[in-house]
Amino acid sequence: MKNSTMLEMKGVRKSFGTVVALDDVNLQLKSSEIHGLLGGNGAGKTTLMNVLYGLYKPDRGEIYLREKKVEIQSPKDAISCGIGMVHQHFLQIDSYTVTENIVLGTRLKNRPTLDLDQEEQRIQDLSERFGLEVSPSSLVEELPMGIRQRVEILKAVYRGVDVLILDEPTTNLTPQEVESLFQSLRVMVEEGMSVVFITHKLREVLSVSDRISVLRDGRNVITLPRDEASEEVLVRAMVGEGLDVGKSLVFSDTGLDQEALQVGQEPVLRVEGLQVVNEEGNPLVKDCSFQIREKEIFGVAGVAGNGQQELAESLMGIRPIAGGQASIDDTSIVGLETRELLEMGVTYIPEDRLQDGFLPTANVAQNLILGYQRQEPYHNRGFLDWNAIFRAARELITEYNIMTPSAKEPAANLSGGNIQRVMLARAFSHPAKLLVAHNPTRGLDIGSMEFVYSKLLERKEQGMATLLLSEDLDELMLLCDRIATIYRGQFAGVLERGEFDKYQIGRMMSGVETHE
Amino acid sequence: MSEQTTELGHSIKALADTLIPYILAVVAAFAAVGIFFAAVGFDVLQAYSTILFTSFRTPNGFVQTLLKYVPLLLQALAFTVPLTAGKFNIGGEGQLIVGAIGAAAVGIMFSGLPMLLLLPMVILAGIVFGGFWAAIPAWLLYRFGINEILTTVMMNFISFSLIDYVATEIWRDPTAGHPTTVPIGAGGEFPLLVAKPPLNSGIVLALAAAVIVYVYVNRTPGGYDLVATGANARASRVFGINVRVMFLLSLIVGGALAGLSGAIEVAGVHHRLIEGLQSNFLLLGIIIGLMARGNLLAVPFVAFFIAVLEVGASAMQRTMMIPVEFVFIVEALILLFVLLSDVVRRR
Ligand SMILES: Nc1ncnc2c1ncn2[C@@H]1O[C@H](COP(=O)(O)OP(=O)(O)O)[C@@H](O)[C@H]1O
Ligand SMILES: [Mg+2]
């Protein structure tokens, strides 16, 4: 059976309105293989797998399972064909136990009594067999992200699938959890299953896959066995001709050049014993102390939801600081309003750009001045100077390469990458001492990521201090001079450049280690 | 140079993009009701020419239209200003009534004062009382987050009882058959702009209010705050705008505009407080604001168009015995088609 074809997608095309997300894509999956599906954000990976899972109806294309043509109209069809999928943002019922979440929607034997002992035992067995450690009787809401994902994988395995699709499963995991996931995947394929592993991270795909397919702009680029694939070939395939890989920051092996490594002496931001609490008074950020100097990028690593957002918002005056000290250039910022902070030269790139940074019904120029509407040159003797605003907007549109027909265009027409360019252009449109940036590259394609990195470094070299909160460890290790790891609102440790160690940070991210 | 031409081209295209759906919506609404008229046996052409041209055939028709225009414009602004910040003021008629009460009270109590003093006091009383009436729901929203749609509507009902009390108990005019107060002092009456047919100068104030509101919203940082709040309140807050204050102020300004129209009804049109003077202005004002899609530049033009239709409708009822409600159906259909065109465009 080994190396026979398990599944094949042929000539798949899918468009959303005028956007062609997939164009004549082929994918061949062998039995007992981990197939890496690689591509930058927006390449069409999720769309392709949603077609396979019956969530999207393709405009064209066929699916063959064990060389027999199948019609998959819904996830139900997919599961009865033995295809399971773990979504990037999966939904679980928080107040249910692991077992209840897993059996939900299946046919239970003891339906009238809802006695789940047998099911629980089966889940326990599966969990041990595949190394997906989880306690079947715990409530899902009490579990960290890494375990919740195991529940989601068990859900598929419990339904007896032969093909498991994992959409960017490593996004919210610590490096240790990633390793353990990869080991589980190995066990699965050794038992005859096939796995499609979606990622935009090169190193991950190289470390676990048997074969690798690269998607770019909705088209197949190549499919290679692992031993024929090199980083270079894959990078080329991912980015195409448009990007100079030699100068790329995203794919840099050697790290930054000398100039970008310089750090100043003067502290810009000083934080002592910072506390942030929620409405009930429970602490969200506890006793955080750090300084950021001129020309320094200070990173904060951590699994999402450990207080990053609250830390950023308290420094931006969006949430109150409940205790401790924070000052910029020796001026206390405790109790200051966002407007005052913006005037002092603190600037912000929020994590959720659509919710927290974007005015969809306003035009691009109006978006570019948000927060600066009372500052020169936009404001003149009580009135807005629209000529100056549009002039500045046109300059920013050119400098930041924002794709829009005009500064008067409604911002709702911008694509995700361009919205992020607006966030960046706005943050950098005025001289800034301190930048607070939260996941500034999430969901961006490679070209846009590259652009964000180069702008952050350009500002750093000009003297700006940066607080970079990110879930992407590779990004932090590339850009930061120091990295703090936050766990449950507290810093578990701060590492200097040179002592960065992915696994150590991973241990701190999951709370098993602290570092002084 | 070429950049400027593309900007200009962009503006023209944008204007065409906005106007074409309106024109289509108007044509479609008239066509739909026209088919119905024809089926019932009314003379469609005569009906429509009455609706559309009564305002322009005689000086009297035109003055009637302008008199209708003033409260419609102000009601539409009272609805549109809070809408800019994303809030719904459905209390325009209560604010108009309370503004009218304030204006009448001042006009009656100080009836002896000369015009130079009394007229500004009457106008100011209307603005302050209207603003106050909106300030109550605005404060409930600010302080407790209570939905402004419910509270502004409820304030309307309170105002009905209030005007009834004022017009039947406090300053009742015993000679009138309808609940009415005694007249305000002569010094509180608006001077006439045109003597025959009589047109009071309230329209000057209404137009000035429209211009000030437009300039404020589009040319000042405070106006920018308002627009940004309406576009995305969360993002505005993150970038330093105090959005709750924006909600509060926009509703109070809306109330003040409605209150001004109450003062104009009292001091310009009736010279006394009459129960029912709010007519159906609130509903028409909301329709105008929605038809204009909240665009403050469009509001004065749409309001004029609706005033023409309203005057035409009364004439049609008088001369052809076709109920005015048909024109209301036309107006509702125009609104429906304008809103539909948004949905179509999004596809
Ligand atoms: N439901 C949708 N509606 C419209 N466009 C979509 C939808 N889903 C995906 N797209 C578009 O299709 C393209 C591919 O998206 P996706 O498959 O999510 O990429 P990836 O998973 O590789 O990051 C993108 O340009 C995206 O904007
Ligand atoms: Mg995806």
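Parameters at a glance
Every chain's residues receive numbers from 1 upward, in the order its sequence appears when written. Chains and ligands are labelled by the order in which they are written, letters from A for the one and numbers from 1 for the other. Local features in this predicted model are restricted to residues whose pLDDT is 70 or higher, and side-chain atom pairs enter the listing and the counts only when it is 80 or higher, whereas totals over whole chains, interfaces and linings include all residues. Note that water and hydrogens are dropped before the side-chain values are worked out from all heavy atoms of the structure. Only DSSP runs of H or I with at least four residues qualify as helices, and only runs of E with at least two residues qualify as strands; both kinds are numbered from the N terminus onward. A radius of gyration in this sense is built from C-alpha atoms; the matching globule rule multiplies 2.2 Å by the number of residues raised to 0.38. Summary of the burial criterion: residues with accessible area below 20% of their type's maximum are buried, those above 50% are exposed, and those between are partly exposed, where the area comes from a 1.4 Å probe applied to protein chains only. Note on contacts: a residue pair qualifies if any of its non-hydrogen atoms lie within 4.5 Å across the two residues. The method behind every accessible area is Shrake-Rupley, applied with a 1.4 Å probe, and residues are considered shielded solely by the protein chains displayed. The charge count treats Lys and Arg as positive and Asp and Glu as negative. His and the chain ends do not count. For this purpose, a charge sits on NZ of Lys, CZ of Arg, CG of Asp or CD of Glu. Angles run from 0 to 180 degrees between N-to-C directions of axes, and those axes are lines fitted to C-alpha atoms, restricted for helices to the stretch in contact. Convention used here: angles under 35 degrees read as roughly parallel, angles over 145 as roughly antiparallel, angles from 65 to 115 as roughly perpendicular, and any remaining angle as oblique. Residues are grouped as follows: nonpolar covers Ala, Val, Leu, Ile, Met, Phe, Trp, Tyr, Cys and Pro; charged covers Asp, Glu, Lys and Arg; every other residue, Gly included, is treated as polar. Should a side-chain nitrogen of Lys or Arg be within 4 Å of a carboxyl oxygen of Asp or Glu, the pair is scored as a salt bridge. Start and end points for every domain follow an automatic or database-based domain assignment. We call a residue near a molecule or strand as soon as one heavy atom of that residue lies within 4 Å of the molecule or strand. Each polar contact in these results corresponds to two N or O atoms within 3.5 Å; when the atoms are within protein, one needs to be able to donate a hydrogen and the other to accept it, and residues that are neighboring in sequence are counted only if both atoms are side-chain atoms. One requirement defines pairing of two strands: DSSP has to find at least two bridges between them. Any Phe, Tyr or Trp ring, taking Trp's six-membered ring, that has another such ring centre within 6.5 Å forms a pair; planes under 30 degrees apart are called stacked, those over 60 apart edge-to-face, and the others tilted. In this scheme, the term charge over a ring applies when either NZ of a lysine or CZ of an arginine sits within 6 Å of the ring centre and within 35 degrees of the ring normal.

This paragraph deals with the overall build of chain B. A count of helices and strands for chain B gives 13 helices and 2 strands. Taking 2.2 N^0.38 as the reference for a compact globule, 347 residues should give roughly 20 Å; the C-alpha atoms of chain B span a radius of gyration of 21 Å, in line with that estimate. C-alpha atoms of chain B, sized along the principal axes, occupy 65 × 60 × 40 Å. Within chain B, the proportion of its 347 residues that are buried is 51%. Here the analysis covers contacts within chain B between residues at least 6 apart in sequence; of these, 74% occur between residues at least 24 apart. In the structure as shown, chain B presents an accessible area of about 15500 Å², 72% of it carried by carbon and sulfur atoms. For chain B, the distance from the average site of its 17 positive side-chain charges to the average site of its 17 negative ones is 7 Å.

Right, let's talk about the packing of helix 3 (residues 59–84) of chain B against helix 10 (residues 243–270) of chain B for a bit. Residues and elements named next belong to chain B. Interaxial distance between helix 3 and helix 10 falls to 7 Å at its minimum, and their mutual angle equals 170 degrees. If you check the angle between helix 3 and helix 10, you find them roughly antiparallel. Packed against helix 3, whose contacting residues are Val70, Pro71, Leu74, Gln75, Leu77, Ala78, Val81 and Pro82, the element helix 10 presents Ser250, Leu251, Val253, Gly254, Leu257, Ala258, Leu260, Ser261, Ile264 and Glu265 at the interface. Here the residues of the contact of helix 3 with helix 10 sort into 13 nonpolar, 4 polar and 1 charged.

Turning our eyes to something else, we now look at the pattern of salt bridges. All names here are of chain A. Scanning the entire structure with this criterion turns up 29 salt bridges over all chains. Measuring nitrogen to oxygen at the nearest pair gives 2.9 Å for the salt bridge that ties Glu33 to Arg211. You can see Glu33 sitting in the loop between strand 2 (19–30) and strand 3 (34–38) and its partner Arg211 sitting in strand 9 (residues 211–216), a full 178 residues away along the chain. Accessibility classification places Glu33 together with Arg211 in one group, the buried group. Of the charged contacts, one joins Asp162 and Arg66 as a salt bridge, the two residues approaching to 3.0 Å between their closest N and O atoms. Taken together, the residues Asp162 in the loop between helix 5 (145–158) and strand 7 (163–167) and Arg66 in the loop between strand 4 (60–65) and strand 5 (68–70) connect sequence positions 96 residues apart. On the basis of relative accessible area, Arg66 is assigned to the partly exposed category, the value being 41%.

When cut into domains, chain A gives domain 1 (5–242), domain 2 (243–345 + 431–516) and domain 3 (363–427). With centres defined by C-alpha atoms, the gap from domain 1 of chain A to domain 3 of chain A works out at 40 Å.

Residue and element names in this part refer to chain A. Near ligand 1, the surroundings consist of Phe16, Ala21, Gly40, Asn41, Gly42, Ala43, Gly44, Lys45, Thr46, Thr47 and Tyr56. Here an oxygen atom of ligand 1 and a backbone polar atom of Lys45 are 2.9 Å apart. Residue Thr47 places a side-chain N or O atom 2.5 Å away from an oxygen atom belonging to ligand 1. In isolation ligand 1 has 560 Å² of accessible area, and contact with the protein removes 62% of it. The dominant element in the shell around ligand 1, judged by the number of residues it contributes, is helix 1 (residues 45–52), at 3 residues. Among the residues making up the shell around ligand 1, the classes are represented as 4 nonpolar, 6 polar and 1 charged.

All names here are of chain A. If you walk across this open sheet you meet the 6 strands as 16-19-20-13-21-22, and the pairing is mixed. Two strands in the sheet have a free side with no partner beyond their single neighbour: strand 16 (346–349) and strand 22 (490–496). This sheet shows a mean twist of 15 degrees between the axes of neighbouring strands, independent of strand direction. Against the sheet, helix 15 (residues 416–427) makes contact with strand 16 and strand 19 (434–438), and its axis sits at roughly 175 degrees relative to strand 16, the strand it touches most.

Let us look at the packing of aromatic side chains. Evaluated as defined, the whole model comprises 21 aromatic pairs over all chains. Seen in terms of ring centroids, B:Phe79 and B:Phe88 are 6.3 Å apart; in terms of plane orientation they differ by 55 degrees. Their pairing is tilted. Classification of B:Phe88 by relative accessible area gives partly exposed; the value is 32%. When the centroid spacing of 6.4 Å and the interplanar angle of 55 degrees are considered together, the rings of B:Phe132 and B:Trp133 count as tilted. B:Trp133 sits in the buried class, given a relative accessible area of 8%. What links up through ring pairs into an aromatic cluster is the set B:Phe30, B:Phe36, B:Phe37, B:Phe42, B:Tyr48 and B:Phe326. We note A:Arg421 situated over the ring of A:Phe451; from NZ or CZ to the ring centre the distance is 4.7 Å. Stacked on the ring of A:Tyr400, the Lys or Arg A:Lys455 has its end atom at 4.7 Å from the ring centre.

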